[in-house]
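One-letter residues, chain by chain:
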Number of protein chains: 2
Amino acid sequence: MSSAKLPGRRATLKDVAAALGVSPATVSNAYNRPDQLSPALRERILIAARELGYLGPDPLARNLRRGQAGAIGVVYADRLSYAFADPAAALFLQGVASATEQAGLSLLLLPTPDSPDTVTSAAVDGFVIYCLPEGSSSLQAALSRGVPCVLVDQLVSYGQPAVYIDDEGGAHQAAQHLLDLGHRTFGILSLELQFPRRRGRPCTDREAGASFRPPLERLSGYRRAIESAGLRWEEAVQVLEANENSPEEGETLARELLSGERAPTALLAMSDQLALGALRAAANLGLRVPEDLSIVGYDDVPSAGALNLTTVHQPTVRKGRLAGELLLAQLAGETPAAPELLPTELVVRGTTAPRRTVPTHP
Amino acid sequence: MSSAKLPGRRATLKDVAAALGVSPATVSNAYNRPDQLSPALRERILIAARELGYLGPDPLARNLRRGQAGAIGVVYADRLSYAFADPAAALFLQGVASATEQAGLSLLLLPTPDSPDTVTSAAVDGFVIYCLPEGSSSLQAALSRGVPCVLVDQLVSYGQPAVYIDDEGGAHQAAQHLLDLGHRTFGILSLELQFPRRRGRPCTDREAGASFRPPLERLSGYRRAIESAGLRWEEAVQVLEANENSPEEGETLARELLSGERAPTALLAMSDQLALGALRAAANLGLRVPEDLSIVGYDDVPSAGALNLTTVHQPTVRKGRLAGELLLAQLAGETPAAPELLPTELVVRGTTAPRRTVPTHP
DNA sequence: CTGAAAGCGCTAACAA
DNA sequence: TTGTTAGCGCTTTCAG
């Protein structure tokens, strides 16, 4: 009747065994392999356990013994709380989760990208590495762990399985669309190219020393389209680099571009979040979209549809699922296939229109 | 020079110690407490480790030894991949993450609510339990783990710290708003009341045996407002229960309500996701919102603003953060305060308007 | 069907 | 500054 929790420490499997005069192995079996012992004995064991306050096998000890953690780690370029605020990151995680949950694995989301220690000591069977700054210590730490890794949207693959998006192609489509509509001056709202972050006009070396693949590829897609149209990049384009992927930041940057002397007639944003901010900036400046200003986003997150934003679709959920599947394949001992390049596609909605011909003289 | 990875098994700390003729503790210190040994020796150890292919202390063994996992677990009412698709869940997780990341803890997201085994063997120092069906085995498993738990939006608190939302009050405000606008017939798009799920009109016993707190509270808030206005619930209201919280489901249910004989003039949706579907159904049926039909959502997720949806705001991020903080407090040995009830507030936007007076005879 | 033995790899007292 | 000791709590052959 009385739960005999004699000592201060918590009861262990051994205590239960001792109390019943059976071996620890038998108690273990009662929990892990019910078929390995008689129902009667099992019942007795479970009852004794309850009375002793034994709560079942300790997961930490079990993990050590079994040599596996039952979880896969996800390392992301930003603070974890930010990952949930970024719709594109949420879609990606949704994809990863859809793969891992089928295998019964949990997802261990690491709190921040700038604590290699957390990476070093995370109890995981593998890592999905998403957009880490090239050369960062967390990236290094994950790769050195000796567990399978999958790299997503990274510049370098370090011989690991990797998933890529055709960002260059998507950006090219976006810029080409605007060129086809007659636009000749562009503002680019760029995601952070380099780590550590800095807001402002990126100088050339900042591009050369870029830490992130997506903005680099997108920039070069934009450039290819614009230069192929016979325009000179420096004259036709103004680039501003965000120090955060948020609507607020997009609004700030767009306002700066749009209220300057050489205000562009079209904006290329490297994310829908930035584009959303640009939309607000335009509204605040009294510019009508798309009549006065065309805007193209990137990612095609769910709210882009609601906002009727012309944008570049990337298969973000699929990207995540693929990453998860590649990791599972490695865990299963399969040799993974070559890196995958997923397609992008321009989705024309309501924020782009032909450039209005402005009378040169009033 | 040659990396001497002699045996098949991976090198351990002990191997490094043996190779150098030092004690395991010293090697351990080289990694965990650099100040406890001379830089020179530490350097030698690190070099030897590299040569032996030793990758640093095994997290699993370290966890066991230290008796802590460095992660907090989150159990959610649905498949994990769904949590990322539900904007409200993402906001909640954002809040939890913002609390735990400051403590340097990772978030272990469990793959599905219907696998108590995963809960039982998750390597975590505590659980945030979010909207689990009352009486579910996962809930039971988490509470039996003997680690701190925080319950969020649960019917029963089991003596644990808990966080609640004033759902009854929020729902009351929503219904009152519609009543004030002259509406007298209502359709309610309900979240699942009971587990297992079932779509359709909930009978009374389904409400009595409800597994989830939010829909129950919201229903009773709606009811209080409507009956206080002197209307008879059964006559004024049609309730349809969703079997999933998605726009698609909302669209299906709304269509059913709106194309029936006694089509209501106003819809109360228990989530913005369902309301979004209702908006689509209205559009498909040629109903103008808000002229022909008023719609109120619930949650106030980011896209509600973009869609100009009248809805009930709940402080979802704060709810998550609070849950995280309560868990951290327990982990720190503090005795947590009484359960918290967070406020809700109606946000009137563009999807509600006075009931149009319809000519009774043509 | 049950038990004995042998660690999994590490860390934290404490001792030297 | 470094080493010794003693497990953390469990699982898994393998014998009986």
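Whatever comes next refers back to the structure up there.
Keep in mind it's a predicted model, so treat the numbers as computed, not measured.

Trainee: Where do I start with the relation of the copies chain B and chain A in this structure?
Mentor: Least-squares fitting of chain B to chain A yields an RMSD of 0.0 Å, with the transformation described by 0.0 Å of translation along the axis and a rotation of 180°. As the rotation angle and translation indicate, the two copies are arranged about a two-fold axis. Looking at the rotation axis and the C-alpha trace of chain B, the residue lying nearest is L108 of chain B, at 2.2 Å.

Trainee: Whenever I open this one, the interface of chain B and chain A confuses me. Can you help?
Mentor: Note: interface size is frequently given as the accessible area lost on complex formation between the parts. Residue-level contacts link 41 residues of chain B with 41 residues of chain A. Between chain B and chain A, roughly 3400 Å² of surface is buried when both sides are summed, and carbon and sulfur atoms account for 67% of that area. Between the two partners, chain B and chain A, sit two salt bridges. Between E101 of chain B and R79 of chain A there is a salt bridge, with the nearest N and O atoms lying 3.2 Å from each other. Going through the elements one at a time, α4 (59–66), α5 (80–85), α6 (87–100), β2 (106–109) and α7 (116–120) of chain B are the ones with two or more residues in the side of chain B that touches chain A. Looking at which element gives the most residues to the side of chain B that touches chain A, the answer is α4 of chain B, with six residues. For the side of chain B that touches chain A, the class distribution of residues is 23 nonpolar, 13 polar and five charged. In this sheet, β2 of chain B lies alongside strand β2 (residues 106–109) of chain A in antiparallel orientation, the contact comprising three bridges. Residue pairing across strands places L107 of chain A opposite L109 of chain B, the latter belonging to β2 of chain B.

Trainee: Whenever I open this one, the side chain of Q330 of chain A confuses me. Can you help?
Mentor: Residues and elements named next belong to chain A. With respect to the helices and strands, the residue Q330 is situated in helix α16 (residues 316–331). Of note is the side chain of Q330, whose polar atom sits 3.1 Å from the backbone oxygen of C149. Not counting residues up to four positions away in its chain, the partners in contact with Q330 are P148, C149, V150, Q160, P161 and P336.

Trainee: For this particular structure, what's the right way to read the environment of S137 of chain A?
Mentor: Residues and elements named next belong to chain A. Here S137 shows up in helix α8 (residues 137–143). What makes S137 partly exposed here is its relative accessible area of 41%. Between the alpha carbons of S137 and D117 there is a distance of 9.3 Å; along the sequence they are 20 residues apart.

Trainee: Looking at this structure, I do not really get the protein's contact with DNA strand C. What am I missing?
Mentor: Among the 26 residues in the neighbourhood of DNA strand C, the closest are listed as T26 of chain A together with L13, S28, Y54 and R65 of chain B. Restricting the count to atoms of DNA strand C within 4 Å of the protein gives a sugar and phosphate share of 71%. One of the side-chain nitrogen or oxygen atoms of R65 of chain A is found 3.1 Å away from a base nitrogen of DNA strand C. The separation between a phosphate oxygen of DNA strand C and a polar side-chain atom of R33 of chain B is 3.3 Å.

Trainee: Teacher, can you tell me more about the pattern of salt bridges here?
Mentor: Note on pairing: side chains with opposite charge can pair once their charged atoms come close. Residues and elements named next belong to chain A. The tally for this structure, following the rule as stated, stands at 24 salt bridges over all chains. A salt bridge links D300 to R349, with the shortest nitrogen-to-oxygen separation between them at 3.0 Å. Within this pair, whereas D300 is found in the loop between β9 (294–299) and α15 (302–307), its partner R349 is found in the segment after β12 (345–347), the two being separated by 49 residues in sequence. Counted as one network, the salt bridges with shared partners bring together D167, R218 and D299.

Trainee: Honestly, the pairing of strand β1 (residues 71–76) of chain B in this entry has me stumped. Any pointers?
Mentor: Strand residues, when the strand is regular, have side chains that alternate between the two faces of the sheet. Residues and elements named next belong to chain B. With six of six residues buried, β1 is to be regarded as a mostly interior element. Both faces of β1 are covered, namely the face carrying A71, G73 and V75 and the face carrying I72, V74 and Y76. The pairing of β1 with β2 spans four bridges and is parallel. Each residue of the ladder has a partner; that of G73, found in β2, is L108. When β1 meets strand β3 (residues 127–130), the two strands line up parallel, connected through four bridges. Of the residues in β3, the one forming a bridge with V74 is V128.

Trainee: Would you take a moment to explain the pairing of strand β8 (residues 266–269) of chain A for this structure?
Mentor: Residues and elements named next belong to chain A. Across the two faces of β8 the burial is the same, with A266 and L268 and L267 and A269 all buried. Taken together, the four bridges between strand β6 (residues 186–190) and β8 define a ladder with parallel strand orientation. Among the inter-strand pairings, F186 is bridged to a residue of β8, identified as A266. In the sheet, β8 pairs with β9 via three bridges, with the strands oriented parallel. Paired with L267 across the strands is I295, a residue of β9. This β-α-β element, β8 to helix α14 (residues 272–284) to β9, shows right-handed connectivity.

Trainee: So what exactly am I meant to see when it comes to the protein's contact with DNA strand D here?
Mentor: Neighbouring residues of DNA strand D: 25 residues in total, closest L13, Y54 and R65 of chain A together with S23 and T26 of chain B. Taken together, the sugar and phosphate atoms account for 67% of what DNA strand D places within 4 Å of the protein. The separation between a phosphate oxygen of DNA strand D and a polar main-chain atom of S23 of chain B is 3.1 Å. Between DNA strand D and R65 of chain B, the relevant distance is 3.0 Å, taken from a base nitrogen to a side-chain nitrogen or oxygen of the residue.

Trainee: Can you walk me through a nonpolar patch on the surface in this structure?
Mentor: Residues and elements named next belong to chain A. Together, L155, V156 and Y158 make up an exposed nonpolar region whose accessible area comes to about 220 Å². Its place among the elements puts L155 in the loop between β4 (149–152) and β5 (162–165). We classify L155 as partly exposed; its relative accessible area is 30%.

Trainee: Sorry, what's going on with the packing of aromatic side chains here?
Mentor: A ring pair, where both rings are aromatic, is described by two values, the distance of the centres and the angle of the planes. For the coordinates displayed, the defined rule picks out seven aromatic pairs over all chains. Taking the centre distance of 5.6 Å and the plane angle of 25° together, the rings of Y76 of chain A and Y130 of chain A count as stacked. Pair noted here: Y76 of chain A is in strand β1 (residues 71–76) and Y130 of chain A is in strand β3 (residues 127–130), with a separation of 54 residues, a long-range link. Across the pair, Y130 of chain A and Y76 of chain A agree in class, each one buried. Within the aromatic cluster, the residues linked to one another by ring pairs are Y76, F92 and Y130 of chain A. Taking the ring centre of Y298 of chain A as reference, the NZ or CZ of R218 of chain A above it sits at 3.7 Å. Across the ring face of W233 of chain B, the terminal group of R223 of chain B is positioned such that the distance to the ring centre comes to 4.5 Å.

Conventions and cut-offs
- Per chain, residues are indexed from 1 in the order of the written sequence.
- Following the order in which they are written, the chains are lettered starting with A and the ligands numbered starting with 1.
- Per-residue local features are limited, in this predicted model, to residues with pLDDT of at least 70; the limit for side-chain atom pairs, both in listing and counting, is 80 or more; totals at the level of whole chains, interfaces and linings are taken over all residues.
- Excluded from the side-chain calculations are hydrogens and water; all other atoms, namely the structure's heavy atoms, are used.
- Superposing the copies works by least squares over the C-alpha atoms of residues that have pLDDT at least 70 in both of them.
- Throughout, a residue-residue contact means that at least one pair of heavy atoms, one from each residue, lies within 4.5 Å.
- Buried area: the accessible surface (1.4 Å probe) lost by two parts on joining, summed over both.
- Each salt bridge in this description consists of a side-chain nitrogen of Lys or Arg and a carboxyl oxygen of Asp or Glu lying within 4 Å of one another.
- In this text, helices come from DSSP runs of H or I with a minimum length of four residues, and strands from runs of E with a minimum of two, each type numbered from the N-terminal end.
- Think of it as three bins: nonpolar holds Ala, Val, Leu, Ile, Met, Phe, Trp, Tyr, Cys and Pro, charged holds Asp, Glu, Lys and Arg, and polar takes everything else, Gly as well.
- Note on pairing: two strands pair once DSSP finds at least 2 bridges between them.
- Between N or O atoms, a polar contact is any pair within 3.5 Å; within protein, one atom must be a potential hydrogen donor and the other a potential acceptor, and residues adjacent in sequence are included only when both atoms are from side chains.
- With a 1.4 Å probe rolled over the protein chains alone, any residue whose accessible area is under 20% of its type maximum counts as buried; one over 50% counts as exposed, and the rest are partly exposed.
- Here a residue is near a molecule or strand as soon as one of its heavy atoms is found within 4 Å of it.
- Every crossover in which the path from the first strand over the helix to the second runs clockwise, viewed with the strands pointing away from the viewer, is termed right-handed.
- By definition, no residue in a patch forms a salt bridge, and every one has over 30% relative accessible area; like charges are joined within 9 Å, nonpolar side chains (Val, Leu, Ile, Met, Phe, Trp, Tyr) within 5 Å.
- Computed with a 1.4 Å probe, the accessible areas rest on the Shrake-Rupley method; for each residue, only the protein chains presented here act as cover.
- Working definition: a ring pair exists when centres of Phe, Tyr or Trp rings (six-membered ring for Trp) sit within 6.5 Å. Plane angles under 30 degrees give stacked, over 60 give edge-to-face, the rest tilted.
- Lysine NZ or arginine CZ positioned within 6 Å of the ring centre and within 35 degrees of the ring normal marks a charge as sitting over the ring.

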